Amino acid sequence: MILMYHNVDEKAGFNTVSAENFERQLRYVQQHWQLTDMDTYVRECHNNPHIATVTFDDAYYCLYTYVRGILNELSIPVTVFVPVYHVGSDNCWDEEEPGYQKIDTLSWWSIEELSKNPLFTFGSHGMTHVSLRHLSKEETMKDLQESKQLLEEHLQKPVDYFAFPYGQRKDFGCATPELLQEIGFKAAFTTLWKLNNLHGNPYRLRRVEVKPTDTMDDFQNYLNPKMDFRFVKQEIKSLLR
């Protein structure tokens, strides 16, 4: 299982889980799953249905203010996907979304500081947080290569992972598994729902998005279902499109 978060703050809000709920959720997962870093997850997820890891999309400043302390206390690793052009800015790509609230992103300094913490791994979320369906193959290659290169220059370490902006099938565009592998990524992450990746392509890994409105009962119920209804609903919806 790959948990997907965006923002954490004192109170829940737009794309934002409350810090209290975030900590309670991680403690619950820590008790019932084998939480690990991304390298281990990618290596073992096809053989181990009980392995789990935590991801954050968009690299918001909460990672420095709220999340870091919680992760340090619980010794839980996390992977953060950075929209490189928007480092030190905000979530301007969300401006047309209902209930939009401006959220600050990490600066290069804070990314570099967090990268010194062994619990933090950074990956690419592309350059501009645009759906890859809008880009040609050449534009896609340029976007992914540049984002990877800039992150590696700042972090002085390899950047092995990529998360698709928006992350549904329509957003994959020309970023085939072969192209992602050619660029040098070891795995790529979608927003398609599934509790495990036992039979998944490493360049189409599925995640479990945690919503700001999820109660602990909601959270526990969809992590331990008799049937994964969210996955079934998603697949039916895809077939009808």
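Coordinates for the structure precede this section.
Residues numbered from 1 in each chain as written. Predicted model: local features only at pLDDT ≥ 70, side-chain atom pairs only at ≥ 80, totals over all residues. Heavy atoms only, no water.

## Some words on the environment of Glu97
Keep this limit in mind: Starting at the N terminus, helices and strands are each numbered in turn, a helix being any DSSP run of H or I of at least four residues and a strand any DSSP run of E of at least two. Think of it in three bands: residues with accessible area under 20% of the maximum for their type are buried, residues over 50% are exposed, and the middle band is partly exposed, with areas taken using a 1.4 Å probe on protein chains only.
Mapped onto the elements of the fold, Glu97 is located in the loop between β6 (78-82) and α4 (108-115). Residue classification places Glu97 among the partly exposed positions, given a relative accessible area of 42%. Sequence separation between Glu97 and Phe14 is 83 residues, and the spatial gap between their C-alpha atoms is 9.5 Å.

## Some remarks on the pattern of salt bridges
In plain terms, the rule: A carboxyl oxygen of Asp or Glu within 4 Å of a side-chain nitrogen of Lys or Arg is what we treat as a salt bridge.
For the coordinates displayed, the defined rule picks out ten salt bridges. We note a salt bridge from Glu73 to Arg27, for which the minimum N-O separation is 2.9 Å. Placement of Glu73 in helix α3 (residues 62-74) and of Arg27 in helix α1 (residues 19-32) is noted, with a sequence separation of 46 residues between them. Overall, the relative accessible area of 33% leaves Arg27 in the partly exposed class. A salt bridge links Asp90 to Lys102; its shortest N-O distance comes to 3.9 Å.

## Some words on the pairing of strand β7 (residues 120-124)
In regular strands, side chains alternate between the two faces of the sheet. Selection criterion: DSSP bridges decide pairing: two strands pair if at least two such bridges lie between them. If you view a crossover with the strands going away from you and the path from the first strand over the helix to the second runs clockwise, you call it right-handed.
Burial analysis of β7 places four of its five residues in the buried class, the great majority of the element. Across five bridges, β6 lies against β7 in parallel orientation. When the bridges of β7 are listed, Val78 appears paired with Phe120. In this fold, β6 hands off to α4, which returns the chain to β7; that crossover is right-handed.

## Digging into the packing of α1 against helix α7 (residues 216-223)
In a pair of packed helices, the angle between the axes and the distance between the axes together describe the arrangement. Here is the rule: The convention used is that axes are lines fitted to C-alpha atoms, helices contributing only their stretch in contact, and that angles between N-to-C directions extend from 0 to 180 degrees. An angle below 35 degrees is read as roughly parallel, one above 145 as roughly antiparallel, one from 65 to 115 as roughly perpendicular, and any other as oblique. For any helix crossing, the convention is left-handed if the near helix is rotated counterclockwise from the far helix by under a right angle, and right-handed if that rotation is clockwise. Contact criterion: two residues are considered in contact whenever any of their non-hydrogen atoms come within 4.5 Å of each other. Under the scheme applied here, ten amino acids are nonpolar (Ala, Val, Leu, Ile, Met, Phe, Trp, Tyr, Cys and Pro), four are charged (Asp, Glu, Lys and Arg), and all others, including Gly, are polar.
Across the interface, α1 lies against α7 with an axial gap of 11 Å and an inter-helix angle of 30°. Comparing their axes, α7 and α1 come out roughly parallel. α1 and α7 meet at a crossing whose hand is right-handed. Every residue of α7 that contacts α1 at Arg24, Gln25, Tyr28 and Val29 is listed here: Met216, Phe219, Gln220 and Leu223. Of the residues in the contact of α1 with α7, the class split is five nonpolar, two polar and one charged.

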